[in-house]
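Chain by chain, the residues run as shown.
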Amino acid sequence: MRLIPALLILLAFAVPARAEDVSVLAYHRFNPAGSTGATTVSTRVFAAQMDRIAESGFTVVPLRALLDGSVLPPHAVAITADDGHRSVYTEMFPILRRHGFAATLFLNPPGLDHGSYLRWAEIAEMQASGLIDPEPHTTSHLNFNTERARRTPEAFAALLRHELADPRAILASRLGTRADILAWPFGIHDDALEAAAREAGYIAAFALGGRAASAGAPAFAVPRYQVYETDVGVRFDRVLAGIPRGQAK
Ligand SMILES: [Zn+2]
């Protein structure tokens, strides 16, 4: 059978991450003095990771490019940061700007302008660079599993409507954005939550999961890689290559 070798070759090419698979990196906080926990990456390691993206021939694409049918370059990667910590402005943004890398920020609007969180003026300045897209991370960053357990179905549905719709309206009015891409707090999502997000006008929602986003992934549970301080060298290369966390090869 002359067909078999050709088929085997096709299968061999089909096994690695597909061309349309894109690793979406999820960061939270940055610290110039070093990592202080799983959600904090030192400025030094973040800078090294961005250098690695540039050296490896990867192209950083805006998150929206994964969603709008854009033709992506062969080695595409997307960058996000959740929670609106002020170190996004002081540590992350200067490094992104140096490389001309785009990133999406997922924000809880009522928490902004206080304490260690971003100021609206800082968000507007980053947005004006053309690199930064501010998007909702719900209103209050609640754990929806916990909140659902302590409410009637009707009360939870009402809470959910506010948690999903209000930040869209606030970001749209303060920053003029479409505010139609969501990141789930704590990565928690299920069919009912996804349906509520769709109803609130979102076009997609991002979770965690430690694997690449693929063209076939459900639009309201798109996986991302939480990036750690230990993601250097080969470990970071595996993330860029879209190899699932915990997979041996
Ligand atoms: Zn968060």
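Let me begin by describing the structure that accompanies this report. (Residues numbered from 1 in each chain as written. Predicted model: local features only at pLDDT ≥ 70, side-chain atom pairs only at ≥ 80, totals over all residues. Heavy atoms only, no water.)

**Considering the overall build of the chain**
Test applied: Strands here are runs of E lasting at least two residues and helices are runs of H or I lasting at least four, both read from the DSSP assignment and numbered beginning at the N terminus. For a compact globule the rule gives 2.2 Å times the number of residues to the power 0.38, and the radius of gyration it is set against comes from C-alpha atoms. All accessible-area figures derive from a Shrake-Rupley calculation using a 1.4 Å probe, and residue coverage is judged against the displayed protein chains alone.
Scanning the chain for helices and strands turns up eight helices and 10 strands. On C-alpha atoms alone, the chain measures out to a radius of gyration of 19 Å, which is about the 18 Å that the 2.2 N^0.38 rule sets for 249 residues. Taking the principal axes of its C-alpha atoms as reference, the chain extends roughly 65 × 45 × 30 Å. Summed over all atoms, the accessible surface of the chain reaches about 11900 Å², with 58% contributed by carbon and sulfur.

**Some words on the pattern of salt bridges**
Heads up, the rule is: By definition here, a salt bridge exists when the distance from a side-chain nitrogen of Lys or Arg to a carboxyl oxygen of Asp or Glu is within 4 Å.
Taken as a whole, this structure holds 12 salt bridges when the rule is applied. Note that E147 and R150 form a salt bridge whose closest N and O atoms lie 3.1 Å from each other. Within the structure, one salt-bridge network assembled from shared partners comprises R64, E135, R178 and D180.

**Quick look at the coordination of the zinc ion**
So the rule is basically this: Here a donor is any nitrogen, oxygen or sulfur atom (N, O, S) within 2.8 Å of the metal, with 3.2 Å used for Na, K and Ca; water is not among the atoms considered, so some sites may look incomplete. Only protein chains enter the accessibility calculation, which uses a 1.4 Å probe; a residue whose area is less than 20% of its type maximum is buried, one above 50% is exposed, and one in between is partly exposed.
Within the first shell, the zinc ion binds the protein through D83 (OD), H137 (NE2) and H141 (NE2), at distances of 2.0 to 2.1 Å. Going along the chain, you hit the donors of the zinc ion in the pattern D-x53-H-x3-H. Of this pair, D83 sits in the loop between β5 (76-82) and α3 (87-99) while H141 sits in the loop between β7 (132-136) and α5 (144-149), and the two are 58 residues apart along the sequence. By relative accessible area, H141 is classed as partly exposed at 21%.

**Notes on the packing of helix α6 (residues 153-175) against helix α7 (residues 191-199)**
Quick note on the threshold: In this description, a line fitted to the C-alpha atoms serves as the axis of each element, helices being fitted only across the stretch in contact, and the angle between N-to-C directions of two axes falls anywhere from 0 to 180 degrees. Each angle is binned into one of four classes, with values under 35 degrees roughly parallel, values over 145 roughly antiparallel, values of 65 to 115 roughly perpendicular, and all other values oblique. Here a crossing is called left-handed whenever its near helix is offset anticlockwise from the far helix by less than a right angle, and right-handed whenever the offset is clockwise. Only heavy atoms matter for contacts: two residues are in contact if any of them lie within 4.5 Å across the pair.
The contact between α6 and α7 brings their axes to 10 Å, and the two run at 50°. Comparing the axis directions of α6 and α7 gives the class oblique. The interaxial crossing formed by α6 with α7 has right-handed handedness. In this structure, α6 uses F156, L160 and L164 to contact α7, whose residues at the interface are L193, A196 and A197.

**A few points about the nonpolar core**
Our working rule: Throughout this description, the term nonpolar core refers to a set of buried Ala, Val, Leu, Ile, Met, Phe, Trp, Tyr and Cys residues connected via side-chain atoms within 4.5 Å.
Ranked by internal contacts, the top residues of the largest apolar core, which has 38 residues, are L25, Y27, M50, I53, I79 and M92. Where this core is concerned, the elements lending two or more residues are β1 (23-27), α2 (43-55), β5, α3, β6 (103-107), α4 (120-128), α6 and α8 (234-241). Apart from the residues lying within four places of it in its own chain, the contact partners of L25 are M50, I53, V77, A78, I79, T80, Y225, V227, F236 and V239. Within the second largest apolar cluster, 16 residues are counted, among which are L142, F156, L159 and A197.

**Brief notes about the packing of aromatic side chains**
Just so we agree on the cut-off: Pairs were defined over the aromatic rings of Phe, Tyr and Trp, the Trp ring being its six-membered one, requiring ring centres within 6.5 Å. Orientation was assigned from the angle between planes: stacked under 30 degrees, edge-to-face over 60, tilted for the rest.
Taken as a whole, this structure holds five aromatic pairs when the rule is applied. Measuring from ring centre to ring centre gives 5.5 Å for Y27 and F30, while their planes differ by 35°; the resulting arrangement is tilted. Judged by relative accessible area, which is 1%, Y27 ranks as buried. Taking the relative accessible area as the measure of exposure, F30 reaches 4% and is therefore buried. Arranged with centres 6.4 Å apart and planes meeting at 35°, the rings of F106 and F206 form a pair that is tilted. One end of the pair, F106, is in strand β6; the other, F206, is in strand β9 (residues 204-206), with 100 residues separating them in the sequence. Neither F106 nor F206 differs from the other in exposure class; each is buried. By way of ring pairs, the aromatic residues Y27, F30 and F46 are connected into one cluster.

**A few points about the side chain of N108**
Short version of the rule: Two N or O atoms form a polar contact when they lie within 3.5 Å of each other; inside protein one atom must be a possible hydrogen donor and the other a possible acceptor, and for residues adjacent in sequence the pair counts only when both atoms belong to side chains.
With respect to the helices, strands and loops of the structure, N108 is situated in the loop between β6 and α4. N108 gets classed as buried once you look at its relative accessible area, which sits at 10%. Here the side chain of N108 touches H137 through a polar contact of 2.6 Å, landing on its backbone oxygen. For N108, the contacting residues outside a window of four places in its chain are D83, H137, T138, T139, S140 and H141.

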